[in-house]
Structure formats: C-alpha cells, structure tokens
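Okay, here's what each chain looks like letter by letter:
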Amino acid sequence: MRDKKDNATFDLPGFSPAAPLEPEAKRPPAPRGKRSTLKQVQLELLEPTDTTGLPVWVRDENLDLTGLPVWAPN
C-alpha cells in the first residue's frame, strides 16, 4: 500500500512529462554496392559417414555395447 504523504518521487528530475519529439529529416538511402559471392566448396569429413551424414559406428574392443569400459581382470 502506498503512503499518501510520500510525494518525493514526483519532485525528482526526469519525472516531468516528456517533450514532443521532432521528426528527423529523411535521408535517401546509400547506394548499394555489388557483392561478390564466394563459391562453396564441399569439405571432406574426417570420419566415414553413412547415408544420413552421421559417423559410421565402429566397435571398440575396450567398450561394451552401452559405451561403458570393459573391466579386464589383472
């Protein structure tokens, strides 16, 4: 609930009504230069991929099927 006797915020600078803004003069847009487009090059991937683009799954002897390390007895 607001205190009815507290008017201090209205006495601070910046709380007066805003002055109307004057419109800025319109400038014509700058002429556009012609952009040269770079030719795209297909990069070779580091790992072989399948038809979907995902890396091919390779079985690692140190990991089980869930990706956890295989504990070998000493």
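Residues numbered from 1 in each chain as written. Predicted model: local features only at pLDDT ≥ 70, side-chain atom pairs only at ≥ 80, totals over all residues. Heavy atoms only, no water.

A. Main features of the overall build of the protein chain. Looking only at helices and strands, the protein chain has one helix and zero strands in total. The burial tally for the protein chain puts 0% of its 74 residues in the buried class. For the protein chain, the exposed surface amounts to about 9,100 Å²; the carbon and sulfur share of it is 59%. (Helix = DSSP H or I, 4+ residues; strand = E, 2+ residues; numbered from the N terminus. Buried < 20%, exposed > 50% of the residue type's maximum accessible area, 1.4 Å probe, protein only. Areas by Shrake-Rupley, 256 points an atom, 1.4 Å probe, with all protein chains shown as cover.)

B. Layout of the environment of Pro-55. Mapping Pro-55 onto the fold places it in the segment after helix H1 (8-11). In contact with Pro-55, other than residues within four places in its own chain, are Glu-47, Pro-48 and Thr-49. (Contact = heavy atoms within 4.5 Å.)

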